Amino acid sequence: MKYSEFQHILSDERLQRYLLACDNNTRKTMNLYRLNLNLSQEVFTLLSCFEVAVRNAIDRILTERLAERIGCEMPCLMEEYLMCPVVVTVPKS
């Protein structure tokens, strides 16, 4: 791909910092941008896994605390939770 096509697709503003980092060498600029994309993919994958682990840990702790609060063991928690009526309070205006 020619740099002009690359620039048209991504925009001059987006590529400017890469171009400056590569001393206006357009081939190096495109390679650096692609490298950045690859690194971003790797970081995003790790971040996604970390997010799932944190959410699962939060769910586990909150589920255990809810089980303690309503006085049942973990296996009955879902059944108890589903049987509880939902109460919504609306503040008076």
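Above this text you will find the structure in question.
What comes next concerns the included structure. Worth saying up front: this structure is predicted, and the values here are computed from it rather than measured. (Residues numbered from 1 in each chain as written. Predicted model: local features only at pLDDT ≥ 70, side-chain atom pairs only at ≥ 80, totals over all residues. Heavy atoms only, no water.)

Details of unusual backbone geometry
Working step 1: With a phi angle near 95 degrees, S11 is a residue other than glycine that sits in the positive phi range.
Working step 2: Among the secondary structure elements, S11 is positioned in the loop between α1 (3-10) and α2 (12-21).
Working step 3: Under the relative-accessibility criterion, S11 is labelled partly exposed at 25%. (Helix = DSSP H or I, 4+ residues; strand = E, 2+ residues; numbered from the N terminus. Buried < 20%, exposed > 50% of the residue type's maximum accessible area, 1.4 Å probe, protein only.)

Overview of the environment of M1
Working step 1: The topology assignment puts M1 in the segment before α1.
Working step 2: Its relative accessible area of 58% is what places M1 among the exposed residues.
Working step 3: C-alpha of M1 to C-alpha of R27: the two residues are 26 residues apart in sequence and 9.9 Å apart in space.
Working step 4: Aside from chain neighbours lying at most four places away, what touches M1 is F6, I9 and M30. (Contact = heavy atoms within 4.5 Å.)

A closer look at the pattern of salt bridges
Working step 1: All told, the structure shown has one salt bridge when counted by the stated rule.
Working step 2: Between E51 and R55 there is a salt bridge, and its shortest N-O distance comes to 2.9 Å. Taken together, the positions of E51 and R55, both in helix α3 (residues 26-70) and four residues apart, correspond to about one turn of that helix. (Salt bridge = Lys/Arg side-chain N within 4 Å of Asp/Glu carboxyl O.)

Honestly, it's all geometry; don't read function into it.
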